[in-house]
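Working through the structure, step by step
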Amino acid sequence: MQYGTFTLDGLLFGIEVSRIQEVIRAQQMTRVPLAASVIGGLINLRGEIVTAVDLRRRLELPPRADGVPPMNVVVRTRDGAVSLLVDEIGDVVEVSADSFEEPPGTVSGVALSLIRGAHKLDGRLLLVLDTDRAIHVSALQPA
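Counting starts from 1 at the beginning of each chain's written sequence and moves along it residue by residue. Where local features are concerned, this predicted model is filtered to residues with pLDDT of at least 70; where side-chain atom pairs are given and counted, the filter is 80 or more; whole-chain, interface and lining totals use all residues. Hydrogen atoms and water are omitted, and side-chain values are computed over all heavy atoms in the structure.

Named according to an unreviewed UniProt entry, the protein chain is Chemotaxis protein CheW originating from Actinomarinicola tropica.

1. Notes on the overall build of the protein chain
Rule in force here: Numbering of helices and strands starts at the N terminus; helices are DSSP runs of H or I of at least 4 residues and strands are runs of E of at least 2. The globule rule used for comparison is 2.2 Å times the number of residues to the exponent 0.38, while the radius of gyration itself is calculated over C-alpha atoms. Relative accessibility under 20% of the residue-type maximum defines a buried residue, over 50% an exposed one, and the middle range a partly exposed one, all with a 1.4 Å probe and only protein chains included. Here, two residues are considered to be in contact whenever any of their heavy atoms come within 4.5 Å of each other. Where accessible areas are quoted, they stem from the Shrake-Rupley method and a 1.4 Å probe; at the residue level, only the protein chains shown are allowed to cover. Think of it this way: Lys and Arg go in the positive column, Asp and Glu in the negative one, and His and the chain ends go nowhere. Just so you know, the charge point we use is NZ for Lys, CZ for Arg, CG for Asp and CD for Glu.
Regarding its fold elements, the protein chain presents three helices and 11 strands. When the elements of the protein chain are put in sequence order from the N terminus, they spell out β-β-β-β-β-α-β-β-β-β-α-β-β-α. Its C-alpha atoms give the protein chain a radius of gyration of 15 Å, near enough to 15 Å, the size a compact globule of 143 residues would have. By principal-axis analysis of the C-alpha atoms, the protein chain measures approximately 45 × 30 × 30 Å. Relative to its full complement of 143 residues, the protein chain shows a buried share of 44%. Long-range pairs, those at least 24 residues apart, make up 55% of the contacts in the protein chain between residues at least 6 apart in sequence. When the accessible area of the protein chain is evaluated, it comes to approximately 8,200 Å², of which 51% is carbon and sulfur surface. The average position of the 14 basic charges and that of the 18 acidic charges among the side chains of the protein chain differ by 5 Å.

2. Re the side chain of glutamate 16
You can see glutamate 16 is positioned in strand E2 (residues 11-16). Not counting residues within four places of it along the chain, the set of residues in contact with glutamate 16 comprises Met1, Gln2, Tyr3, Arg116 and Thr131.

3. Comments concerning the sheet that holds strand E4 (residues 39-45)
Keep this limit in mind: Strand pairing is defined by DSSP finding a minimum of two bridges between the two strands. An axis is simply a line fitted to the C-alpha atoms; with a helix, the fit covers only the stretch in contact. Between two such axes, the angle follows the N-to-C directions and lies from 0 to 180 degrees.
Here we have five strands laid out as an open sheet, ordered E3-E6-E7-E5-E4, and mixed in their pairing. Strands at the two margins of the open sheet, each flanked by one partner only, are strand E3 (20-24) and E4. Each adjacent strand pair in this sheet contributes to an overall mean axis angle of 30°, direction not counted.

4. Some details on the pairing of strand E11 (residues 124-129)
Look at any regular strand and the pattern is simple: side chains alternate between the two faces of the sheet. When E2 meets E11, the two strands line up parallel, connected through three bridges. Considered in E11, the bridge of phenylalanine 13 is made with leucine 127. One ladder, built from six bridges, connects strand E10 (residues 115-121) with E11; its direction is antiparallel. By the bridge assignment, histidine 119 is partnered in E11 with leucine 126.

5. Thoughts on the pairing of E2
For E2, the buried fraction is high: five of the six residues fall into the buried class. With six bridges joining them, strand E1 (residues 2-8) and E2 adopt antiparallel strand pairing. The residue of E2 that forms the bridge with threonine 5 is glycine 14. If you look at the hairpin formed by E1 and E2, you'll find two residues sitting between the two strands, and aspartate 9 has a positive phi there, around 50°.

6. Focus: the nonpolar core
Threshold: The criterion is simple. A nonpolar core is a set of buried Ala, Val, Leu, Ile, Met, Phe, Trp, Tyr and Cys residues joined through side-chain atoms within 4.5 Å.
Phe6, Ile15, Leu55, Val73, Leu84 and Leu129 are the most contacted members of the largest nonpolar core, which totals 25 residues. The set of elements that each furnish at least two residues to this core consists of E1, E2, strand E6 (71-77), strand E7 (80-86), helix H2 (110-114), E10 and E11. Considering each element in turn, this core owes the most residues, three residues, to E7. Those residues in contact with phenylalanine 6, other than ones at most four positions away along the chain, are Leu11, Leu12, Phe13, Ile15, Leu55, Val73, Val86, Glu88, Ile89, Gly90 and Leu129.

Below you can see the structure in the form of structure tokens.
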């Protein structure tokens, strides 16, 4: 199984390569009034308006440092493309299904429901993101 990887707050995450449409540098974003805080804004992707979800906020991680632009991992969904705002883009890694384990015991809170499990890599864990849950619209509605 192949995963496209990225980092958030020093943690390594992966999404199935088949779900990734493209990765792009920081884009100019338009804020969406009254949207949930996890919505970073809207980007114009070659004429297509794409919602950008801030994965740091979604996973309840500390905010990105000021002046550090996020990268965009654009994923395919049934409703169109959605961008996931991440810190850095990593490599494509191939792992065996045998190395998959339940989420580590140190994962808690909302992250526990958004991480399907982990693969042990050399000296590092690859946390597998449940992309559908991470972008689930009803979970992103303002409170």
